[in-house]
Amino acid sequence: MSDTPTSGAGDAVAPFLLAIDHVGIAVPDLDEAIRFHCEVLGHRLAHEETNEAQGVREAMIAVGSPEPHGGNGTTMLQLLAPTGPESTIARFLDRNGPGLQQLAYRVSDIEAVSRLLRERGLRLLYDRPRTGTAGSRINFIHPKDAGGVLVELVEPAT
């Protein structure tokens, strides 16, 4: 979106963007990735689940202070492993190999952010938010509209 002004254009969206929620990393083996991040690097496993709808096993790894997911001062890494060959993460791994897969913003109101982004001409991957990690509500900005980066929008569960 090269014709978008660099200042002021996001003013209506900015109040809804609370923080970087996490960075997603695609991995072929979730257990091995958890071991590396926890045993080798000394981080903490904060949450683990299988999201059948998205075809992933995932783990949230806390880096920094031992606060719960989304707590102030805690940086989160989301490790994502495919549950089968048709998973989006399996296709990502086939194309790119393991590595950074997404940047996720924590938002206060996913419906409002989605509406404002669509008004600015951005494409979102889902018509309506879907269920994400730990009951959160999520959507994604299409990478072609975000400089080649898959940007996730996360409204944490209340």
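Scoring rules and cut-offs
Residues numbered from 1 in each chain as written. Predicted model: local features only at pLDDT ≥ 70, side-chain atom pairs only at ≥ 80, totals over all residues. Heavy atoms only, no water. Pairing = 2+ DSSP bridges. Helix = DSSP H or I, 4+ residues; strand = E, 2+ residues; numbered from the N terminus. Contact = heavy atoms within 4.5 Å. Axes fitted to C-alpha atoms, helices over the stretch in contact; angles between N-to-C directions. Buried < 20%, exposed > 50% of the residue type's maximum accessible area, 1.4 Å probe, protein only. Arc of directions from axis to C-beta. Polar contact = N/O pair within 3.5 Å; in protein donor to acceptor, adjacent residues only side chain to side chain. Salt bridge = Lys/Arg side-chain N within 4 Å of Asp/Glu carboxyl O.

**Quick look at the sheet that holds strand 2 (residues 44-51)**
Okay, step 1: Read from one edge of the open sheet, eight strands run 2-3-4-1-5-8-7-6, paired in mixed fashion. In the strand order of this sheet, the two ends are held by strand 2 and strand 6 (130-131), each with one partner.
Okay, step 2: As judged from the nine bridges shared by strand 3 (residues 56-64) and strand 4 (residues 74-82), these two strands associate in the antiparallel manner. Its bridge partner being in strand 4, Val-56 is matched across the sheet by Pro-82.
Okay, step 3: Running over the sheet, helix 3 (residues 110-119) touches strand 5 (99-107), strand 7 (137-141) and strand 8 (151-155) and is turned about 15° from strand 7.

**Notes on helix 1 (residues 30-40)**
Okay, step 1: Taken together, the buried positions of helix 1 are Leu-30, Ala-33, Ile-34, His-37 and Cys-38. All buried residues of helix 1 lie within an arc of 115° about the axis, which places them on one face of the element.
Okay, step 2: Here the buried face of helix 1 lies against strand 2, strand 3 and strand 4.
Okay, step 3: N-cap assignment for helix 1: the residue whose side-chain oxygen lies 3.1 Å from the backbone N of Asp-31 is Asp-29.
Okay, step 4: Immediately beyond the C-terminal end of helix 1, within one or two residues, lies Gly-42, with a positive phi of roughly 85°.

**Things to note about the pairing of strand 4**
Okay, step 1: Counting buried positions over the nine residues of strand 4 gives seven, a clear majority of the element.
Okay, step 2: Sheet topology note: the strand 1 (residues 17-26)/strand 4 ladder contains four bridges and is parallel. Across the sheet, the residue bridging to Ile-25 is Leu-79, located in strand 4.

**Some words on the pattern of salt bridges**
Okay, step 1: All chains considered together, the criterion is met by eight salt bridges.
Okay, step 2: Close ionic contact of Asp-21 with Arg-106 constitutes a salt bridge, the shortest N to O distance being 2.9 Å. Of this pair, Asp-21 sits in strand 1 while Arg-106 sits in strand 5, placing them 85 residues apart in sequence.
Okay, step 3: Residue class for Asp-21 comes out buried when judged on its relative accessible area of 2%.
Okay, step 4: Residue Glu-48 is joined to Arg-57 by a salt bridge in which the shortest nitrogen-to-oxygen separation is 3.0 Å.
Okay, step 5: For Arg-57, a relative accessible area of 27% corresponds to the partly exposed category.
Okay, step 6: Ionic contacts of the salt-bridge type, sharing partners, join the residues Asp-31, Glu-48 and Arg-57 into one network.

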